[in-house]
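Structural characterization, general
Residue-level listing of the chains:
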Amino acid sequence: MMKEKLESKKEEIRCCYKITDTDVAVLLKMVEIEKPITSEELADIFKLSKTTVENSLKKLIELGLVERTKTEGKKIGRPKYYYSITSNILEKIRADLLDCAKRMELAAT
């Protein structure tokens, strides 16, 4: 249900947040999956490089749409991170889109 709501607003989301189609696709896939996922898993899903996916995730984190969690456990080697959508994502996107529309309206007058 949530993915369909966001899917219909794909262009508005891309425009409002000034993000790429890849960023939007990553966000929508995470909404669809509804569980934490690694950048490697997302890269496999999209057949993209891990770096490309991580760049999208970094933007989504900065926008407050995605959260990053470090796994506990192994102490040797690089830490493993899981990414998940924020708990209030629909409310946040709705508020941000309304704010964006207001700013665009003011700019047009």
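Placed above this text is the structure.
In this report, the structure presented in the accompanying data block is examined. (Residues numbered from 1 in each chain as written. Predicted model: local features only at pLDDT ≥ 70, side-chain atom pairs only at ≥ 80, totals over all residues. Heavy atoms only, no water.)

**Considerations on helix α5 (residues 50-62)**
For α5, built from 13 residues, the straight-helix expectation of 18 Å at 1.5 Å per residue is met to within 8% by its first-to-last C-alpha distance of 18 Å. Of the positions making up α5, those classed as buried are Val 53, Ser 56, Leu 57 and Leu 60. Relative to the axis of α5, the buried residues are bounded by an arc of 100 degrees and lie together on one face. When the buried face of α5 is taken as reference, the exposed residues oriented beyond 90 degrees from it are Thr 51, Lys 58 and Glu 62. Taken together, the buried residues of α5 touch α3 (21-33), α4 (39-46), β1 (66-70) and β2 (81-85). (Helix = DSSP H or I, 4+ residues; strand = E, 2+ residues; numbered from the N terminus. Expected span 1.5 Å × (residues − 1). Buried < 20%, exposed > 50% of the residue type's maximum accessible area, 1.4 Å probe, protein only. Arc of directions from axis to C-beta. Contact = heavy atoms within 4.5 Å.)

**Focus on the packing of aromatic side chains**
For the coordinates displayed, the defined rule picks out 0 aromatic pairs. Geometry around Tyr 81 places Arg 68 over its ring, the cationic atom sitting 3.7 Å from the centre. (Phe/Tyr/Trp six-rings, centres within 6.5 Å; stacked < 30°, edge-to-face > 60°. Lys NZ or Arg CZ within 6 Å of the ring centre and 35° of its normal.)

**Considerations on the state of the cysteines**
For the structure shown, the criterion picks out 0 disulfides. Of the cysteine sulfurs around Cys 16, a residue in no disulfide, the closest is that of Cys 100, at 3.5 Å. (Disulfide = S-S within 2.5 Å.)

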